[in-house]
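Take a look at the letters that make up each chain.
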Amino acid sequence: MMSEMLAVIGGSGLSQLSNLDVSHREVVRTPYGEPSGAVTFGEICGRPIAFLARHGYGHTIPPHEVNYRANIWALCKRGAVGIISVASVGSIRADLKPGDLVIPHQIIDYTWGRKSSFHEGPECTLTHIDFTEPYDNALREQLLSAAGAAGIPVSTVAVYAATQGPRLETAAEINRLERDGADVVGMTGMPEAALAREMAVPYAAISVVANYAAGRADSRQGISFEAIQDVLHESMGHVRTIIEKMVGCGDPNRP
Ligand code: HPA
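Throughout this document, residue positions are counted from 1 along each chain, in the order its sequence is written. In keeping with the model being predicted, local features are shown solely for residues with a pLDDT of at least 70 and side-chain atom pairs are shown and tallied solely at 80 or more, while totals for entire chains, interfaces and linings include all residues. Heavy atoms throughout the structure, all of them, feed into the side-chain values; hydrogens and water do not.

The name an unreviewed UniProt entry assigns to the chain is Probable 6-oxopurine nucleoside phosphorylase, from the organism Candidatus Propionivibrio aalborgensis. UniProt positions are given in the numbering used here, feature names are shortened, and annotations may be inferred rather than shown by experiment. Taken directly from UniProt, the Catalytic activity (unreviewed entry) text for the chain runs: "a purine D-ribonucleoside + phosphate = a purine nucleobase + alpha-D-ribose 1-phosphate". The record held by UniProt for the chain lists under Sequence similarities (unreviewed entry) the comment "Belongs to the PNP/MTAP phosphorylase family. MTAP subfamily."

Colleague: Is there a simple way to think about the state of the cysteines in this case?
Modeller: A covalent bond between the sulfur atoms of two cysteines is referred to as a disulfide. The criterion for a disulfide is a pair of cysteine sulfur atoms lying within 2.5 Å. This model, assessed by the stated rule, comprises one disulfide. Two residues share a disulfide in this structure: Cys-45 and Cys-249, whose sulfurs sit 2.0 Å from each other. When the S-S torsion is 110°, as for the bridge of Cys-45 with Cys-249, the disulfide is right-handed. Taken as a pair, Cys-45 in the loop between β3 (39-44) and β4 (47-53) and Cys-249 in the segment after α5 (225-246) lie far apart in primary sequence, 204 residues in all. Only protein chains enter the accessibility calculation, which uses a 1.4 Å probe; a residue whose area is less than 20% of its type maximum is buried, one above 50% is exposed, and one in between is partly exposed. Judged by its relative accessible area of 42%, Cys-45 falls in the partly exposed class. Secondary structure elements are defined from DSSP: runs of H or I of at least 4 residues count as helices, runs of E of at least 2 residues count as strands, and each element is numbered from the N terminus.

Colleague: Before we go on, may I ask you to explain the site of the ligand in this structure?
Modeller: Any residue with a heavy atom positioned within 4 Å of a molecule or strand is treated as near that molecule or strand. What surrounds the ligand is the set Ser-88, Val-89, Gly-90, Leu-168, Glu-169, Val-185, Gly-186, Met-187 and Asn-211. Ser-88 places a main-chain nitrogen or oxygen 3.5 Å from a nitrogen atom of the ligand. Here Gly-90 contributes a backbone N or O atom positioned 3.3 Å from a nitrogen atom of the ligand. Calculation of accessible area relied on Shrake-Rupley with a 1.4 Å probe; when residues are assessed, cover is drawn exclusively from the protein chains displayed. Computed on the free molecule, the ligand has an accessible area of 260 Å², of which 94% lies beneath the protein chains in the complex. Pairs of N or O atoms within 3.5 Å make up the polar contacts considered here, provided that, within protein, one atom can donate a hydrogen while the other can accept it, and that residues adjacent in sequence are counted only when both atoms are side-chain atoms.

Colleague: Looking at this model, I keep getting lost on the UniProt feature "site: Important for substrate specificity" (unreviewed entry) in the chain. Mind explaining?
Modeller: Under the feature "site: Important for substrate specificity" (unreviewed entry), the UniProt entry names Glu-169 and Phe-225. Taken along the chain, the residues just named run across 57 residues; in space they keep tight, none of their C-alpha pairs more than 13.4 Å apart. Within the fold, Glu-169 resides in the loop between β9 (159-162) and α3 (171-180). The exposure class of Glu-169 is buried, given its relative accessible area of 12%. By definition, residues are in contact when any of their heavy atoms lie within 4.5 Å. Those residues in contact with Glu-169 that lie beyond four places of it in its chain are Thr-163, Ile-174, Val-185, Met-187 and Ala-214. Within the structure, Glu-169 has its side chain in polar contact with the side chain of Thr-163 (distance 2.8 Å). Along the chain, Phe-225 falls in helix α5. Exposure remark for Phe-225: the relative accessible area of 46% places this residue in the partly exposed category.

Colleague: Is there a simple way to think about the side chain of Arg-140 in this case?
Modeller: As for its placement among the helices and strands, Arg-140 is situated in helix α2 (residues 137-150). Under this rule, positive means Lys or Arg and negative means Asp or Glu; His and the chain ends count for nothing. Whenever a carboxyl oxygen of Asp or Glu lies within 4 Å of a side-chain nitrogen of Lys or Arg, that contact is scored as a salt bridge. As a buried residue without a salt bridge, Arg-140 has its nearest oppositely charged side chain in Glu-141, at a separation of 4.9 Å. Here the side chain of Arg-140 touches Thr-156 through a polar contact of 2.5 Å, landing on its backbone oxygen. If we skip the residues at most four places from it in the chain, Arg-140 touches Ile-103, Pro-104, His-105, Tyr-135, Thr-156 and Ala-204.

Colleague: Any chance you could explain the pattern of salt bridges here in plain terms?
Modeller: Throughout the structure, instances matching the rule amount to nine salt bridges. A salt bridge links Arg-93 to Asp-183, with the nearest nitrogen and oxygen atoms 3.7 Å apart. Here the residue Arg-93 occupies a position in the loop between β5 (82-91) and β6 (101-102), and Asp-183 occupies one in the loop between α3 and β10 (184-186), the gap between them amounting to 90 residues. The class for Asp-183 is buried, based on a relative accessible area of 13%. Across the salt bridge formed by Lys-97 and Asp-100, the nearest N and O atoms sit 3.2 Å from each other.

What follows is the structure in structure tokens.
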């Protein structure tokens, strides 16, 4: 098991990692402006971990205003060898219900107007990253086997639709996303994943189903944001357990 630093970006419902043994916090300066907040450094079961709250520690930054470039740059420059993104999603696929965890394997990007590349400006050479498989396979496998070892069921194949937000979708938009092949919908998966690939740092995601997407099941009459928060609170405990397993907590072979 490698002991290089792993980074976790927490979304709605995960603004801190309560199992993190914190050593220090640092406001990292970047050429792209300010990250969402200070990066928290520490250890979980001896493994170095960096944590960043995507929406800021007071949850004040909406998805379309997150400085994704500064966040990814800060974590990479501080030595992250992998990034786990945790984010809430709405469920489009009928068998995914609130509270379920999903490790998506593909992305469709519907966002617009976000700074989505480190390569810009007159002096930049054009760079086309390969993004056929948007998530890092090895990191996904580690998440899947950690979930398996912890006995936490996760959905292993899902297409993540990244929408612009901050509003939720219309019922017709969700029908369109389904026709496009999407299983879950969230607002923060892009450009985060592409920026990590530009930095050549492995990136994988844990999506927490907070609600049925607009027009589906009990969201037919609308979506209550309060209800979403309650579901998230419960499921984030499972996310913490998966991360603990992944970094080797309880492993007798670890020093
Ligand atoms: N749509 C988009 N993003 C979301 C949703 C949703 O229904 N739920 C949580 N994040």
